[in-house]
Amino acid sequence: MRRFIFASLLLALCVCGLTGCDRRAEPEPEIPTTPAHEKLVTLLTDEYKLNAVTKAFENTLWIYVPLEQSFLKIAGSKDGPQKSDERKVSIALRYFDGEQAGSDFEFKYDIGEAVSYEESNGITTEFDEIYQSVSNKLNSAIARAYGNVERKVDSHEFIERIAGDRDFVDPVTDEKRDRLIQSNVILTQSKVPDFIIYVIADTDKGIEFQTTAYLQDIRRMYHYQDPGFSQEFVKRVITDQIGNKIIIGDKEGAHLNYRDLTWNEFLIKQIINRVKFKFTRSSHKPQTTDPGILHDLAIETLQAYPVRDFDKVIFKDLQNSKTFSFTKEEVPPFTRYEPKNQDKNLRTIKFDAGKKL
């Protein structure tokens, strides 16, 4: 009897190991395709000739574009090798990262002075035109595919418009019309994603650039072509550069963690991106170590989006463990972008790489 019990336990352990008792998370379910998603796939495949893989979740649409040729190249700089004994002092962001801690956003930082001397071997890394071409095609296709959408009444979410629907000049009348139609039509499958994540990968060298953006920001830039939004758009688009051998030969994006991005994850990434942009790429970099700049940049980021699902934003100085914070009530109200004379100003922009992809 004891032998039977032992054998049964052993068998159960073996079965458990084969059937997933390692407790790995189940992949998130994809949502059914929608007309806008189908249009996007058609544009990417038939018109832009991109071999793209798409994965759609409730809030996030992933687009993976594998390229067999490299889009980064090594080149010589215009001025060649440079060296100087001139001492330069600047303000450096030594560390900045964040995460959600309960109902709060918590960021850790280290800001201080940095001393440097110019020294360069004259070798630089440049983008091949193929990367910019593919990126432009993706943004254009996204804007065109999701051009016929509208905001769901009393919500920050957007849905695909009903075929043949029209707008009223009077905003009050227009909202009444939206409320009436939306209350009588099943809209669950017509919701458009909040976020777009597209990945352009060099499957020969094992390098990829992963771009995360709010769909309505892409539409404002490429669909409505708001002329005053270009500089702000650059701060909102998050591009992570990644190198890994597992990317080599991956035509389907099997190495990616396809999943649904939450609003809080997106907002934290946005704050990190805007802070790093200010310290590293801005033409007006901080001139002092005053951490108040982090407060201002976080406020600037959060007021740009409609979701406020947090209590406080906390900053912790890694040098001395001092903290400061602000609450979501201190963030100015979100102002929604309303295009003017949109029907008269819309133009379709098509991008051509100039060579076979």
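Described below are features of the structure shown in this document. (Residues numbered from 1 in each chain as written. Predicted model: local features only at pLDDT ≥ 70, side-chain atom pairs only at ≥ 80, totals over all residues. Heavy atoms only, no water.)

Along the backbone of the protein there are 9 helices and 15 strands. For the protein, the residues scored as buried account for 40% of the 357 residues in total. If you take every contact in the protein between residues at least 6 apart in sequence, the share linking residues at least 24 apart comes to 73%. Approximately 21100 Å² of the protein is accessible, and the part contributed by carbon and sulfur atoms is 51%. (Helix = DSSP H or I, 4+ residues; strand = E, 2+ residues; numbered from the N terminus. Buried < 20%, exposed > 50% of the residue type's maximum accessible area, 1.4 Å probe, protein only. Contact = heavy atoms within 4.5 Å. Areas by Shrake-Rupley, 256 points an atom, 1.4 Å probe, with all protein chains shown as cover.)

A word on the sheet that holds strand 6 (residues 104-116). An order of 5-6-14-15 is seen for the 4 strands of this open sheet, with the pairing classed as mixed. The open sheet terminates on both sides in strands that have one partner only, identified here as strand 5 (88-101) and strand 15 (323-327). Shown here is a sheet whose adjacent strand axes are inclined to one another by a mean of 20°, direction ignored. Two strands pair when backbone bridges link them, and strand 5 and strand 6 are joined in this way by 13 bridges, in the antiparallel orientation. Across the sheet, the residue bridging to Phe96 is Tyr109, located in strand 6. Contacts between helix 7 (residues 263-280) and the sheet are confined to strand 5 and strand 6, with strand 5 contributing the most and set at about 175° to the helix. Running over the sheet, helix 8 (residues 292-302) touches strand 5, strand 6, strand 14 (312-317) and strand 15 and is turned about 25° from strand 15. (Pairing = 2+ DSSP bridges. Axes fitted to C-alpha atoms, helices over the stretch in contact; angles between N-to-C directions.)

Another aspect to go through is the pairing of strand 12 (residues 207-214). Taking burial as the measure, the 8 residues of strand 12 include 7 buried ones, the bulk of the element. With 8 bridges connecting them, strand 11 (residues 195-202) and strand 12 associate as antiparallel partners. Looking at strand 12, one finds that Asp202 is bridged to Ile207. Where strand 11 hands over to strand 12, the hairpin turn is made up of 4 residues, of which Gly206 adopts a positive phi near 85°. Here 6 bridges tie strand 12 to strand 13 (residues 238-243), and the two strands are oriented antiparallel to one another. For Thr212, the partnering residue across the bridge sits in strand 13 and is Ile238.

Here we take up the nonpolar core. Within the largest apolar cluster, 64 residues are counted, with the highest numbers of intra-cluster contacts made by Ile63, Phe96 and Tyr146. Top contributing element to this core by residue count: helix 7, with 8 residues. When near neighbours in sequence (up to four residues on either side) are disregarded, Tyr146 contacts Ala36, His37, Leu40, Leu61, Val192, Pro193, Leu215 and Arg219. Listed in part, the 10 residues of the second largest apolar core include Phe57, Trp62, Tyr64 and Ile247. (Core = buried A, V, L, I, M, F, W, Y, C linked by side-chain atoms within 4.5 Å.)

Here Asn273 shows up in helix 7. Apart from the residues within four sequence positions on either side, Asn273 is in contact with Lys235, Arg236, Val237, Ile238 and Arg281.

Below, the discussion takes up the packing of helix 2 (residues 35-47) against helix 3 (residues 129-145). Interhelical geometry of helix 2 versus helix 3 gives an angle of 145° and a closest axis separation of 8 Å. For the pair helix 2 and helix 3, the sense of crossing is right-handed. Across the interface between the two elements, Ala36, Lys39, Leu40, Leu43, Leu44 and Glu47 of helix 2 pack against Leu138, Ala141, Ile142, Arg144 and Ala145 of helix 3. Grouping the amino acids of the contact of helix 2 with helix 3 by side-chain chemistry returns 8 nonpolar, no polar and 3 charged. (Left-handed = near helix turned anticlockwise from the far one by under 90°. Nonpolar A, V, L, I, M, F, W, Y, C, P; charged D, E, K, R; others polar.)

Quick look at the environment of Phe233 now. Mapped onto the secondary structure, Phe233 falls in helix 6 (residues 230-236). Accessibility expressed as a relative area gives 9% for Phe233, which makes it buried. Sequence-distant contacts of Phe233, defined by excluding residues within four places in its chain, comprise Asp217, Ile218, Met221 and Tyr222.

For helix 7, which comprises 18 residues, the first-to-last C-alpha distance of 25 Å matches the rise-based estimate of 26 Å (1.5 Å per residue) to within 8%. Where burial is concerned, most of helix 7 is hidden: 13 out of the 18 residues are buried. (Expected span 1.5 Å × (residues − 1).)

Turning our attention to the packing of aromatic side chains. In the structure shown here, the tally under the stated rule is 22 aromatic pairs. A centroid spacing of 5.4 Å and a plane angle of 70° characterise the contact between Phe71 and Phe209, whose relative ring orientation is edge-to-face. Of this pair, Phe71 sits in the loop between strand 2 (60-67) and strand 3 (72-76) while Phe209 sits in strand 12, and the two are 138 residues apart along the sequence. The exposure class of Phe71 is buried, given its relative accessible area of 1%. Consider the rings of Tyr109 and Phe324, whose centres lie 6.3 Å apart with planes at 65°: the pair is edge-to-face. Here the residue Tyr109 occupies a position in strand 6, and Phe324 occupies one in strand 15, the gap between them amounting to 215 residues. The exposure class of Phe324 is partly exposed, given its relative accessible area of 24%. Members of the aromatic cluster, each reached through a chain of ring pairs, are Phe96, Phe107, Tyr109, Phe315, Phe324 and Phe326. One Lys or Arg, Lys55, reaches over the ring of Tyr258 and ends 5.7 Å from the middle of that ring. (Phe/Tyr/Trp six-rings, centres within 6.5 Å; stacked < 30°, edge-to-face > 60°. Lys NZ or Arg CZ within 6 Å of the ring centre and 35° of its normal.)

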